[in-house]
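For reference, the chains in residue letters:
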Amino acid sequence: MVLDPRQLDQIVRAVADAAPEVDRSGAFPWAGIRAVHASGLLESTVAKRYGGRGASLLDTAHILAALGRGDPSVALITAMTLFNHLAQASRNHWPEDLYLSLLAEAKERPLLLNAARVEPELGSPARGGLPATRARRTASGWSISGRKRFVTGAHGLTHFLVWAHTDEAPTRVGTFVVPNGLPGIRIIENWDSLGMRASGSHDVEYEDVEIPLQNVVDLTGTEVAQQDNRGHAAMTLALTSLYLGVAEAAQAAFSRFAHERVPTNLGHPVARTERFVTFSGEIDLLIGGARQLIFDALSTGQADAERLVRARLLAGRQLRDAVQLAVRGLGNPGLGAELGLERHFRDIQAVLVHAPQEDTSISMLGRTAFDRWQLDERNASVEQPVLRTA
């Protein structure tokens, strides 16, 4: 790990203390983000060649699981920045001067990066298609116009990474680095979700937003611009770890209630009853199994996209079921805001909504399974011995 577990626990407590209020208000979770930034975790995946810690994707998953126990909205906003630093560490695809300027900025305040890719008409890029958002060449750079949906952390981001097509012939597609606060940027506060309320995943509109010429990453032809769901499988599984944190927080709330609740007719905590012991065992089976799936796959299976996709789907379903079981086990107290279990129940519903969504991932597995069967059949027919007749 890139941080001492005791230090990480202190950060998680600070994040958790601020979580209920931002869940109620939907405000940007500045207290949690500042705690993460002050600890250095927000830049933990910056490559060692830039003076960073060089944390791996596996390290990132552990960080997100911990932060998810405190506030999954803070963990999600943090994840987007961590993933961008990881991408630069492995691919070196950012313009060097631009990236160095961002790292310098990160010394003064939280540097928050997130992709703005989803559009009202297009939907999720994970399902295919190209952006309607346009980048027009100007005398000094680019002018960005378009509207994006579900831009997590919109109000607090320092930079939007806007996926857009150019007005050139032939057109190209790339990610344009747009500093927040420029003229022409309008955040449309329409995030009104069941859970993850503090993530502030609002729509953002860009109208002739001027940026420098160098502020573009991965500018390519349209034939290679489609989202690579298989290539992103490891990152998507790591993202699921923040919901592991949510489920573990729910498990802790369940256990706390079970040990503190002493009905007068029993004279001892309900944790000693067989009913609660059974519920506790079922919850632990689901959450512990999900933890194994996530971290085993990230430790030894990052080259196997199908294994990563299976781990994500199975872990996500188990985590969702575990929190539901905890709520059901407590009955009315589990639905009240006082315990915090109700908030965890709402937040865990988002575990499998991130792209690629559940149906897209299952289709990927289904096609691969059919292809594997066809290949096995062809190989079997080739290897079938020829019977000779007398």
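None of the values given here were measured: they were computed from a predicted structure.

Here is what the cut-offs are and how they apply
- Residues numbered from 1 in each chain as written.
- Predicted model: local features only at pLDDT ≥ 70, side-chain atom pairs only at ≥ 80, totals over all residues.
- Heavy atoms only, no water.
- Salt bridge = Lys/Arg side-chain N within 4 Å of Asp/Glu carboxyl O.
- Helix = DSSP H or I, 4+ residues; strand = E, 2+ residues; numbered from the N terminus.
- Buried < 20%, exposed > 50% of the residue type's maximum accessible area, 1.4 Å probe, protein only.
- 1 Å grid on protein atoms, 1.4 Å probe; cavity = no way out; pocket = protein on both sides within 12 Å on 5 of 7 lines; lining within 4 Å.
- Points joined across faces, edges and corners; volume = space filled by probe spheres on them.
- Nonpolar A, V, L, I, M, F, W, Y, C, P; charged D, E, K, R; others polar.
- Phe/Tyr/Trp six-rings, centres within 6.5 Å; stacked < 30°, edge-to-face > 60°.
- Contact = heavy atoms within 4.5 Å.
- Pairing = 2+ DSSP bridges.
- Axes fitted to C-alpha atoms, helices over the stretch in contact; angles between N-to-C directions.
- Parallel < 35°, antiparallel > 145°, perpendicular 65-115°, else oblique.
- Left-handed = near helix turned anticlockwise from the far one by under 90°.

## Comments concerning the pattern of salt bridges
Here is step 1: Taken as a whole and judged by the stated rule, the model has 14 salt bridges.
Here is step 2: Arg69 is the salt-bridge partner of Glu248, the closest N and O atoms lying 3.3 Å from each other. Separated by 179 residues along the polypeptide, Glu248 in helix α6 (residues 233-260) and Arg69 in helix α3 (residues 57-70) bring together distant segments of the chain.
Here is step 3: The class of Glu248 is buried, set by a relative accessible area of 15%.
Here is step 4: Judged by relative accessible area, which is 29%, Arg69 ranks as partly exposed.

## Topic: the layout of surface pockets
Here is step 1: Its boundaries defined by the atoms lining it, the second largest pocket holds a volume of some 440 Å³.
Here is step 2: Lining the second largest pocket are 19 residues, and of these Arg256, Leu339, Gly340, Arg343 and His344 sit closest to its centre.
Here is step 3: Contributing elements (two or more residues each) for the lining of the second largest pocket: α1 (5-25), α3, α6 and α10 (341-348).
Here is step 4: When residues in the lining of the second largest pocket are grouped by element, the largest group, five residues, is from α6.
Here is step 5: Residue composition of the lining of the second largest pocket, grouped by class: seven nonpolar, three polar and nine charged.

## A word on the packing of aromatic side chains
Here is step 1: Applying the stated criterion to the full structure yields seven aromatic pairs.
Here is step 2: The interplanar angle of 55 degrees and the centroid separation of 6.0 Å between the aromatic rings of Trp94 and Tyr99 together place this pair among those described as tilted.
Here is step 3: Considering the side-chain rings of Phe150 and Trp191, the 6.4 Å spacing of their centres and the 80 degrees angle between planes classify their relative orientation as edge-to-face. Placement of the pair is Phe150 in strand β3 (residues 141-151) and Trp191 in the loop between β6 (185-188) and β7 (202-212), with a sequence separation of 41 residues.
Here is step 4: By relative accessible area, which is 24% here, Trp191 ends up partly exposed.
Here is step 5: What links up through ring pairs into an aromatic cluster is the set Tyr50, Trp94 and Tyr99.

## Section: helix α2 (residues 30-39)
Here is step 1: When we look at burial in α2, the residues that qualify are Gly32, Ile33, Ala35, Val36, His37 and Ser39.
Here is step 2: Against the buried residues of α2 lie α1, α3, α4 (72-91) and α5 (96-106).
Here is step 3: Count one or two residues on from α2 and you reach Gly40, which has phi positive near 90 degrees.

## Some remarks on the pairing of strand β2 (residues 134-137)
Regular strands place their side chains on alternate faces of the sheet.
Here is step 1: Across four bridges, the pairing between β2 and β3 is antiparallel. Among the inter-strand pairings, Arg136 is bridged to a residue of β3, identified as Ser143.
Here is step 2: What sits between β2 and β3 in their antiparallel hairpin is a turn of three residues.
Here is step 3: In terms of strand pairing, β2 meets strand β4 (residues 159-166) through two bridges, oriented parallel. Residue pairing in the sheet places Arg134 in a bridge with His165 of β4.

## With respect to unusual backbone geometry
Here is step 1: Residue Ala169 is joined to Pro170 through a cis peptide bond whose omega torsion reads 0 degrees.
Here is step 2: Mapped onto the fold, Pro170 is located in the loop between β4 and β5 (172-179).
Here is step 3: Looking along the chain, the bond that leaves Ala355 and enters Pro356 is cis, with omega of -5 degrees.
Here is step 4: With respect to the helices and strands, Pro356 occurs in the loop between α10 and α11 (358-383).
Here is step 5: In this model, Met196 sits at a positive phi of 50 degrees, which is unusual for a non-glycine residue.
Here is step 6: Tracing the chain through its elements places Met196 in the loop between β6 and β7.

## Focus on the packing of α3 against α6
Here is step 1: Packing of α3 against α6 leaves a shortest axis separation of 6 Å and a crossing angle of 30 degrees. One finds that α3 runs roughly parallel with respect to α6. Note on packing geometry: the crossing formed by α3 with α6 is right-handed. Residue-level contacts link Leu57, Ala61, Leu64, Ala65, Gly68 and Arg69 of α3 to Ala234, Met235, Ala238, Leu239, Ser241, Leu242, Leu244, Gly245, Val246, Glu248 and Ala249 of α6.
Here is step 2: The residue makeup of the contact of α3 with α6, split by class, is twelve nonpolar, three polar and two charged.

## Some details on the packing of helix α7 (residues 274-300) against helix α8 (residues 305-330)
Here is step 1: Put simply, α7 and α8 touch, their axes get as near as 9 Å, and they point 160 degrees apart. In terms of orientation, α7 lies roughly antiparallel with respect to α8. You can see that α7 and α8 cross each other, and the crossing is left-handed.
Here is step 2: Taken together, the residues of the contact of α7 with α8 sort by class into 20 nonpolar, four polar and six charged.

## Comments concerning the environment of Leu42
Here is step 1: In this fold, Leu42 is placed in the loop between α2 and α3.
Here is step 2: Beyond its immediate sequence surroundings of up to four residues, Leu42 is in contact with Val36, His37, Thr78, Thr81, Leu82, His85, Pro110, Leu111 and Leu112.

## Some thoughts on the side chain of Arg312
Here is step 1: Relative to the elements of secondary structure, Arg312 occurs in helix α8.
Here is step 2: Among residues more than four places away in sequence, those in contact with Arg312 are Thr236, Leu237, Thr240, Val351, Leu352, His354, Pro356 and Ser361.

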